[in-house]
Amino acid sequence: MASPLMSLVNDDGRYQKSFQLFLERSSEHQCMRDFIHNKLPDLLTSIGDGKSHLNVIGVGSGAGEIDLEMLSELHKKHPEVVVDNEVVEPSSQQLHNYKVVVSQKPELNYIKFTWNKMTASEFEEHWKQTKMTKKADFIHMIQMLYYVKDPGATISFFQSLLNKNGKLIIILVSEKSGWGKLWRKYRTQLCNTEISQCVTTGDIKSILDSKGVSYQSFDLPSQMDITECFIEGDEKGELLLDFLTEVLDFSKTASQELRAGVLELLRHPDCSMEAEGRVIFNNNLGVIVIDKPT
Ligand code: SAH
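A brief structural summary. (Residues numbered from 1 in each chain as written. Predicted model: local features only at pLDDT ≥ 70, side-chain atom pairs only at ≥ 80, totals over all residues. Heavy atoms only, no water.)

A short note on the sheet that holds strand 8 (residues 272-275)
Inclusion rule: Only when DSSP finds a minimum of two bridges between them are two strands counted as paired. Helix numbering and strand numbering both begin at the N terminus, where a helix is a DSSP run of H or I of at least 4 residues and a strand a DSSP run of E of at least 2. Between N-to-C directions, angles cover 0 to 180 degrees, with each direction set by a line fitted to C-alpha atoms, over the stretch in contact for helices.
The strand order 7-9-8 describes an open sheet built from three strands, whose pairing is antiparallel. Of all the strands in the sheet, the pair left with one neighbour each is strand 7 (223-225) and strand 8. Taking the axes of each pair of neighbouring strands and ignoring which way they run, one obtains an average angle of 30° across the sheet. Taken together, the three bridges between strand 7 and strand 9 (residues 278-282) define a ladder with antiparallel strand orientation. What sits directly across from Met 224, in strand 9, is Phe 281.

Structure follows, in structure tokens:
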């Protein structure tokens, strides 16, 4: 039976608002920054093979905060190199925010930005139609593979664009996170598979294993304070619940039974721990690093 619930992604304004609140209530970006500063530099050492020009593709870049941190590590590693950066992002609001930040940073003049206001699959189509032969040295997809129809096919396409020594980096929630637990139980009721797949790094690893693709992986411990979700009628709690369930106005549109079940699971020790009166949801992420196909 088709789910009567509307996906949060249908309302970009509310999606962006709930995403911003999620960033405020979680260590999401902090744990990514730790990875970018501590692990990414080593991964970037070998890319480019001594070339003076590197091609980067960011897929689902959002407002670019994390992209710019990665580009800064890339610049530290390869200071003489100029960078061609393709940004693939369907939200005009996010793309605008990203452009504003870039316009305020003249020090980024070693990067040429190409703004592609499109989804990953539109970009794939555009790339094939224009018979682009350019290859990429570094491609990243951070917290975006939920929004493509076939994550395995999307990975294969972008992997095929890698240059010798190129790297494709994927970040998603870990199967061991609260998200993984929530989706294992409620995937069929919450996920509208036309728009979003409740995928974790565990699912991606299974896909890669079944295709014999080798990869490196890293765990990024992260937390999210979801205390407000349990305050009836709390505006911020409702926004966070929308984000957690990916359902637009979850509290108002889900059945009483589904709402009670989700709330119970969210504070269950499988998903969260309670500390000093706060409910702290396990937001652990995973990183997967893939090389050019052999
Ligand atoms: N990478 C950023 C943003 C993650 S939020 C970060 O980690 O902070 C997910 C982003 O993917 C949003 O900006 C959303 O607009 C974008 N997105 C949604 N559907 C997409 C699709 N089909 N292809 C590419 N990007 C998509």
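Considerations on the site of the ligand
Which entries qualify depends on this criterion: Throughout, near means a residue has at least one heavy atom within 4 Å of the molecule or strand. Two N or O atoms form a polar contact when they lie within 3.5 Å of each other; inside protein one atom must be a possible hydrogen donor and the other a possible acceptor, and for residues adjacent in sequence the pair counts only when both atoms belong to side chains. Note on areas: Shrake-Rupley with a 1.4 Å probe; residue coverage comes only from the protein chains shown.
Taken together, 16 residues form the shell around the ligand, and within it His 29, Gly 60, Glu 89, Ala 120 and Ile 142 come nearest. A distance of 3.0 Å separates a nitrogen atom of the ligand from a polar backbone atom of Ile 142. For the ligand, the protein covers 93% of the area, taking 570 Å² as the surface of the free molecule. At the level of secondary structure, the elements contributing two or more residues to the shell around the ligand comprise helix 1 (12-25) and helix 2 (28-38).

So, the packing of helix 7 (residues 151-160) against helix 9 (residues 201-211)
Where we set the bar: Each crossing is labelled by how the near helix is turned from the far one, with a counterclockwise turn of less than a right angle marking it left-handed and a clockwise turn marking it right-handed. Any pair of residues with heavy atoms lying within 4.5 Å of one another is described as a contacting pair. Classification used: nonpolar for Ala, Val, Leu, Ile, Met, Phe, Trp, Tyr, Cys and Pro, charged for Asp, Glu, Lys and Arg, polar for all others including Gly.
One way to put it is that helix 7 packs onto helix 9 with a least axis distance of 10 Å and a crossing angle of 65°. Here helix 7 runs over helix 9; the crossing is right-handed. Every residue of helix 9 that contacts helix 7 at Pro 151, Gly 152, Ala 153, Ile 155 and Ser 156 is listed here: Ile 204, Ile 207, Leu 208 and Lys 211. When grouped by side-chain class, the residues that make up the contact of helix 7 with helix 9 number six nonpolar, two polar and one charged.

Quick notes on the environment of Val 88
Looking at where Val 88 falls in the secondary structure, it is placed in strand 2 (residues 82-88). Once the C-alpha coordinates of Val 88 and Glu 122 are considered, the two residues, 34 residues apart in sequence, prove to be 9.3 Å apart. When near neighbours in sequence (up to four residues on either side) are disregarded, Val 88 contacts Ile 57, Gly 58, Val 59, Gly 60, Ser 61, Asn 116, Met 118, Thr 119, Ala 120 and Phe 123.

Observations concerning unusual backbone geometry
Cut-off, in case you're wondering: Three labels apply to residues, based on accessible area from a 1.4 Å probe with only protein chains included: buried if under 20% of the type maximum, exposed if over 50%, partly exposed otherwise in between.
The phi dihedral of Lys 131 is positive, around 50°, even though this residue is not glycine. Position of Lys 131 among the secondary structure elements: in the loop between helix 6 (120-129) and strand 4 (136-142). Assessed through its relative accessible area of 68%, Lys 131 is described here as exposed. Of note, the phi angle at Glu 246 is positive, near 60°, even though the residue is not glycine.

So, the pattern of salt bridges
Keep this limit in mind: What counts as a salt bridge is simple: a side-chain nitrogen of Lys or Arg found within 4 Å of a carboxyl oxygen of Asp or Glu.
Considering all chains together, one arrives at 16 salt bridges under this definition. Put simply, Lys 134 and Asp 84 hold a salt bridge, and the shortest N to O gap is 3.5 Å. Residue Lys 134 is found in the loop between helix 6 and strand 4, and its partner Asp 84 is found in strand 2; the two are separated by 50 residues along the sequence. Judged by relative accessible area, which is 24%, Lys 134 ranks as partly exposed.

Some remarks on the packing of aromatic side chains
The criterion, for reference: Ring geometry is summarised as follows: Phe, Tyr and Trp rings, the Trp one being its six-membered ring, pair when their centres sit within 6.5 Å, and such pairs are stacked at plane angles under 30 degrees, edge-to-face over 60 and tilted between the two.
Counted under the stated rule, the structure contains 19 aromatic pairs. Ring geometry for Tyr 15 versus Tyr 147: centroids 6.1 Å apart, planes at 90°, classification edge-to-face. Residue Tyr 15 is found in helix 1, and its partner Tyr 147 is found in the loop between strand 4 and helix 7; the two are separated by 132 residues along the sequence. Classification of Tyr 15 as buried rests on a relative accessible area of 15%. Ring centres 6.0 Å apart and planes at 5° place the aromatic pair Phe 123 and Phe 158 in the stacked group. Here Phe 123, found in helix 6, pairs with Phe 158, found in helix 7; they are 35 residues apart in sequence, far enough to count as distant. The two residues Phe 123 and Phe 158 agree in class, both being buried.

Concerning the pairing of strand 2
Threshold: Call a crossover right-handed when, viewed with both strands pointing away from you, the route from the first strand across the helix to the second goes clockwise.
Strand 2 sits mainly inside the fold: six of its seven residues count as buried. Of the strand pairs in this sheet, strand 1 (residues 53-59) and strand 2 are connected by seven bridges, and their pairing is parallel. Across the sheet, His 53 pairs through a bridge with Val 82, a residue of strand 2. Read from strand 1 through helix 4 (residues 65-77) to strand 2, the crossover connection turns out right-handed. Where strand 2 meets strand 3 (residues 111-116), six bridges bridge the pair, whose relative direction is parallel. Paired with Val 87 across the bridge in strand 3 is Trp 115. Between the parallel elements strand 2 and strand 3, the chain passes through helix 5 (residues 92-103) in a crossover that is right-handed.

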